[in-house]
Amino acid sequence: MQIATIVLILVILTGFLLMTFRILDQEIAVPLVALISIILAGPTEGYKSLHNGFAEFSKVALLFTAVAIPAHMLESSGLFGLLGSKIGELVGHLTLKFKINTVFLISSISITVTYVLAALFHNTTSILVNSYIPNKLEFATLVFRHKPI
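As a convention, each chain's residues are numbered from 1 in the sequence order in which they are written. With pLDDT at 70 or above as the cut-off, local features in this predicted model cover only qualifying residues; side-chain atom pairs require 80 or more to be listed or tallied, and sums for whole chains, interfaces and linings still use all residues. Working from all heavy atoms in the structure, the side-chain values ignore hydrogens and water.

Caption draft 1: Quick peek at the overall build of the chain. In terms of helices and strands, the chain carries six helices and zero strands. Residues classed as buried in the chain amount to 21% of the 149 residues present. We call two residues in contact when some of their heavy atoms are within 4.5 Å. A sequence separation of at least 24 residues applies to 58% of the contacts in the chain between residues at least 6 apart. If you sum the accessible surface of the chain, you get close to 10,900 Å²; carbon and sulfur atoms cover 72% of it. Numbering of helices and strands runs from the N terminus; a helix is a DSSP stretch of H or I covering at least four residues, while a strand is a stretch of E covering at least two. The classification of residues rests on relative accessible area computed with a 1.4 Å probe and restricted to protein chains. Under 20% of the type maximum is buried, over 50% is exposed, and intermediate values are partly exposed. Note on areas: Shrake-Rupley with a 1.4 Å probe; residue coverage comes only from the protein chains shown.

Caption draft 2: Representation of the pattern of salt bridges within the structure. Salt bridges, as used here, are contacts in which a Lys or Arg side-chain nitrogen is within 4 Å of a carboxyl oxygen on Asp or Glu. Counting across every chain of the model gives one salt bridge. For Lys48, the salt bridge is made with Glu45, and the minimal N-O distance between the two is 3.6 Å. With Lys48 and Glu45 both in helix H3 (residues 43-77) and three residues apart, the pair spans about one turn of that helix. Classification of Lys48 as partly exposed rests on a relative accessible area of 44%.

Caption draft 3: Main features of the nonpolar core. Ile87, Val91, Leu94, Leu105, Ile106, Ile109, Val113 and Leu117 form the largest nonpolar core, which has eight residues in total. When contributions to this core are tallied by element, the ones reaching two or more residues are helix H4 (79-98) and helix H5 (102-120). Tallying contributions element by element places H5 first for this core, with five residues. Nonpolar core, defined: a set of buried Ala, Val, Leu, Ile, Met, Phe, Trp, Tyr and Cys residues in which side-chain atoms within 4.5 Å join the residues together.

Caption draft 4: Focus on the packing of helix H1 (residues 3-20) against helix H2 (residues 26-41). Orientation of H1 relative to H2, taken along the N-to-C sense of each, is 175°, at an axis distance of 9 Å. When the axes of H1 and H2 are compared, the pair comes out roughly antiparallel. For the pair H1 and H2, the contacting residues are Ala4, Val7, Leu8, Val11, Ile12, Gly15 and Met19 in the first and Gln26, Ala29, Val30, Val33, Ile36, Ser37 and Leu40 in the second. Gly is put with the polar residues, along with every residue not named as nonpolar or charged; the nonpolar set is Ala, Val, Leu, Ile, Met, Phe, Trp, Tyr, Cys and Pro, and the charged set is Asp, Glu, Lys and Arg. Considering only residue class, the contact of H1 with H2 consists of eleven nonpolar, three polar and no charged. To get an axis, a line is fitted to the C-alpha atoms, and for a helix only the part in contact is used. The angle between two axes follows their N-to-C directions and goes from 0 to 180 degrees. Just so you know how the angles are binned, under 35 degrees is roughly parallel, over 145 roughly antiparallel, 65 to 115 roughly perpendicular, and the rest oblique.

Caption draft 5: Main features of H3. Expected span of a helix: the number of residues minus one, times 1.5 Å. The terminal C-alpha atoms of H3, which comprises 35 residues, lie 50 Å apart, in line with the 51 Å expected from a rise of 1.5 Å per residue. Those residues of H3 not exposed but buried are Gly46, Val67, Ala71 and Leu74. Downstream of H3 by a residue or two, Gly78 has a phi angle that is positive, lying close to 85°.

Caption draft 6: How the structure looks around the confidence of the model for the chain. On a range of 0 to 100, pLDDT expresses the predictor's confidence in each residue. Per-residue confidence for the chain gives a mean pLDDT of 79; residues scoring 70 or more make up 78%. Here residues 143-149 is a poorly scored stretch, pLDDT under 50, and it has seven contacts once near neighbours within four places are set aside; other chains count.

Caption draft 7: Examining a nonpolar patch on the surface more closely. A contiguous nonpolar patch, built from Phe16, Leu17, Phe21 and Ile23 and spanning about 480 Å² of accessible area, is present on the exposed surface. Given a relative accessible area of 53%, Phe16 falls into the exposed group. Each patch is assembled from residues with relative accessible area greater than 30% and no salt bridge, linking like charges that lie within 9 Å and nonpolar side chains (Val, Leu, Ile, Met, Phe, Trp, Tyr) that lie within 5 Å.

Caption draft 8: Molecular detail of the side chain of Thr95. Within the secondary structure, Thr95 sits in helix H4. Looking at Thr95, the relative accessible area reads 12%, which means it is buried. Definition of a polar contact: a pair of N or O atoms within 3.5 Å, with one able to donate and the other able to accept a hydrogen when the atoms are protein atoms, and with sequence-neighbouring residues admitted only if both atoms are side-chain atoms. A distance of 2.7 Å separates a polar side-chain atom of Thr95 from the backbone oxygen of Val91.

Caption draft 9: Representation of unusual backbone geometry. With a phi close to 55°, Arg22 is a non-glycine residue in the positive phi region. Looking at the secondary structure, you find Arg22 in the loop between H1 and H2. The class of Arg22 is exposed, set by a relative accessible area of 73%. The phi dihedral of Lys99 is positive, around 55°, even though this residue is not glycine. With respect to the helices and strands, Lys99 occurs in the loop between H4 and H5.

Here is the structure:
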(Lines give C-alpha, C1' and ligand atoms only; values in the text may rest on other atoms or scores of the structure.)
Protein backbone atom coordinates (compact mmCIF):
# COMPACT_ATOMS: atom_id res chain seq x y z
CA MET A 1 0.00 0.00 0.00
CA GLN A 2 1.30 3.44 -0.86
CA ILE A 3 1.69 6.19 1.71
CA ALA A 4 -0.91 8.33 -0.13
CA THR A 5 -3.48 5.55 0.25
CA ILE A 6 -2.87 5.29 3.99
CA VAL A 7 -3.07 9.08 4.35
CA LEU A 8 -6.32 9.12 2.35
CA ILE A 9 -7.87 6.44 4.58
CA LEU A 10 -6.81 8.41 7.67
CA VAL A 11 -8.27 11.63 6.19
CA ILE A 12 -11.59 9.89 5.44
CA LEU A 13 -11.77 8.40 8.94
CA THR A 14 -10.82 11.73 10.51
CA GLY A 15 -13.52 13.51 8.50
CA PHE A 16 -16.05 10.92 9.63
CA LEU A 17 -15.03 11.31 13.27
CA LEU A 18 -15.18 15.11 13.05
CA MET A 19 -18.72 14.86 11.68
CA THR A 20 -19.70 12.24 14.27
CA PHE A 21 -18.60 14.39 17.19
CA ARG A 22 -20.11 17.47 15.51
CA ILE A 23 -16.83 19.33 15.36
CA LEU A 24 -17.34 19.95 11.64
CA ASP A 25 -20.59 20.04 9.72
CA GLN A 26 -21.05 17.72 6.78
CA GLU A 27 -21.01 20.71 4.42
CA ILE A 28 -17.42 21.46 5.50
CA ALA A 29 -15.99 17.99 6.15
CA VAL A 30 -17.01 16.26 2.90
CA PRO A 31 -15.62 18.91 0.51
CA LEU A 32 -12.47 19.12 2.65
CA VAL A 33 -11.93 15.35 2.38
CA ALA A 34 -12.61 15.55 -1.38
CA LEU A 35 -10.12 18.39 -1.79
CA ILE A 36 -7.44 16.52 0.15
CA SER A 37 -8.06 13.39 -1.93
CA ILE A 38 -7.65 15.38 -5.16
CA ILE A 39 -4.40 16.86 -3.85
CA LEU A 40 -3.15 13.40 -2.81
CA ALA A 41 -3.97 12.01 -6.26
CA GLY A 42 -1.54 14.41 -7.91
CA PRO A 43 -2.01 16.86 -10.78
CA THR A 44 -2.87 14.40 -13.57
CA GLU A 45 -5.01 11.94 -11.62
CA GLY A 46 -6.55 14.76 -9.58
CA TYR A 47 -7.67 16.50 -12.76
CA LYS A 48 -9.12 13.24 -14.14
CA SER A 49 -11.02 12.53 -10.92
CA LEU A 50 -12.34 16.10 -10.79
CA HIS A 51 -13.45 15.91 -14.43
CA ASN A 52 -15.11 12.50 -13.95
CA GLY A 53 -16.72 13.68 -10.71
CA PHE A 54 -18.36 16.65 -12.42
CA ALA A 55 -19.45 14.42 -15.31
CA GLU A 56 -21.16 12.13 -12.80
CA PHE A 57 -22.58 15.11 -10.90
CA SER A 58 -24.27 16.37 -14.06
CA LYS A 59 -26.10 13.04 -14.40
CA VAL A 60 -27.16 13.14 -10.74
CA ALA A 61 -28.31 16.77 -11.01
CA LEU A 62 -30.38 15.91 -14.07
CA LEU A 63 -31.91 12.90 -12.31
CA PHE A 64 -32.83 14.89 -9.20
CA THR A 65 -34.31 17.65 -11.31
CA ALA A 66 -36.42 15.08 -13.12
CA VAL A 67 -37.53 13.69 -9.75
CA ALA A 68 -38.05 17.02 -7.97
CA ILE A 69 -40.42 18.50 -10.55
CA PRO A 70 -43.04 15.70 -10.38
CA ALA A 71 -42.70 15.54 -6.59
CA HIS A 72 -43.30 19.30 -6.36
CA MET A 73 -46.29 19.02 -8.69
CA LEU A 74 -47.76 16.25 -6.52
CA GLU A 75 -47.22 18.31 -3.38
CA SER A 76 -48.82 21.45 -4.79
CA SER A 77 -51.81 19.51 -6.15
CA GLY A 78 -53.08 18.72 -2.65
CA LEU A 79 -52.98 14.98 -3.37
CA PHE A 80 -50.86 14.37 -0.27
CA GLY A 81 -53.50 15.90 1.97
CA LEU A 82 -56.25 13.80 0.43
CA LEU A 83 -54.23 10.58 0.48
CA GLY A 84 -52.98 11.23 4.01
CA SER A 85 -56.45 11.97 5.34
CA LYS A 86 -57.93 8.84 3.71
CA ILE A 87 -55.16 6.63 5.07
CA GLY A 88 -55.43 8.36 8.46
CA GLU A 89 -59.15 7.67 8.49
CA LEU A 90 -58.41 4.01 7.73
CA VAL A 91 -55.82 3.86 10.51
CA GLY A 92 -58.24 5.41 13.00
CA HIS A 93 -61.02 3.03 11.95
CA LEU A 94 -58.79 -0.06 12.22
CA THR A 95 -57.40 1.11 15.56
CA LEU A 96 -60.84 1.58 17.06
CA LYS A 97 -62.49 -1.48 15.54
CA PHE A 98 -59.73 -4.08 15.90
CA LYS A 99 -57.61 -2.53 18.69
CA ILE A 100 -54.46 -2.67 16.55
CA ASN A 101 -51.43 -0.64 17.62
CA THR A 102 -51.40 2.71 15.79
CA VAL A 103 -47.60 2.78 15.45
CA PHE A 104 -47.65 -0.66 13.84
CA LEU A 105 -50.39 0.38 11.42
CA ILE A 106 -48.73 3.64 10.37
CA SER A 107 -45.37 1.89 9.92
CA SER A 108 -46.93 -0.91 7.87
CA ILE A 109 -48.91 1.49 5.70
CA SER A 110 -45.86 3.72 5.15
CA ILE A 111 -43.75 0.78 4.01
CA THR A 112 -46.54 -0.49 1.75
CA VAL A 113 -47.10 2.96 0.23
CA THR A 114 -43.34 3.28 -0.38
CA TYR A 115 -43.25 -0.02 -2.28
CA VAL A 116 -46.36 0.80 -4.29
CA LEU A 117 -45.07 4.26 -5.19
CA ALA A 118 -41.66 2.79 -6.02
CA ALA A 119 -43.40 0.57 -8.54
CA LEU A 120 -45.33 3.49 -10.00
CA PHE A 121 -42.69 6.22 -9.80
CA HIS A 122 -38.96 6.44 -9.44
CA ASN A 123 -37.61 5.12 -6.10
CA THR A 124 -36.35 8.52 -4.98
CA THR A 125 -39.70 10.14 -5.71
CA SER A 126 -41.50 7.47 -3.70
CA ILE A 127 -39.24 8.12 -0.72
CA LEU A 128 -39.86 11.87 -0.97
CA VAL A 129 -43.60 11.32 -1.25
CA ASN A 130 -43.70 8.84 1.62
CA SER A 131 -41.71 11.11 3.91
CA TYR A 132 -44.44 13.73 3.49
CA ILE A 133 -47.49 11.48 3.98
CA PRO A 134 -46.92 10.43 7.66
CA ASN A 135 -47.32 14.06 8.73
CA LYS A 136 -50.77 14.08 7.13
CA LEU A 137 -51.47 10.61 8.53
CA GLU A 138 -50.73 11.67 12.10
CA PHE A 139 -53.02 14.69 11.85
CA ALA A 140 -55.85 12.75 10.21
CA THR A 141 -55.56 9.92 12.76
CA LEU A 142 -55.78 12.38 15.64
CA VAL A 143 -58.80 14.10 14.08
CA PHE A 144 -60.55 10.78 13.44
CA ARG A 145 -59.94 9.51 16.97
CA HIS A 146 -61.71 12.50 18.49
CA LYS A 147 -64.64 12.25 16.09
CA PRO A 148 -67.79 10.79 17.69
CA ILE A 149 -68.78 7.36 16.40
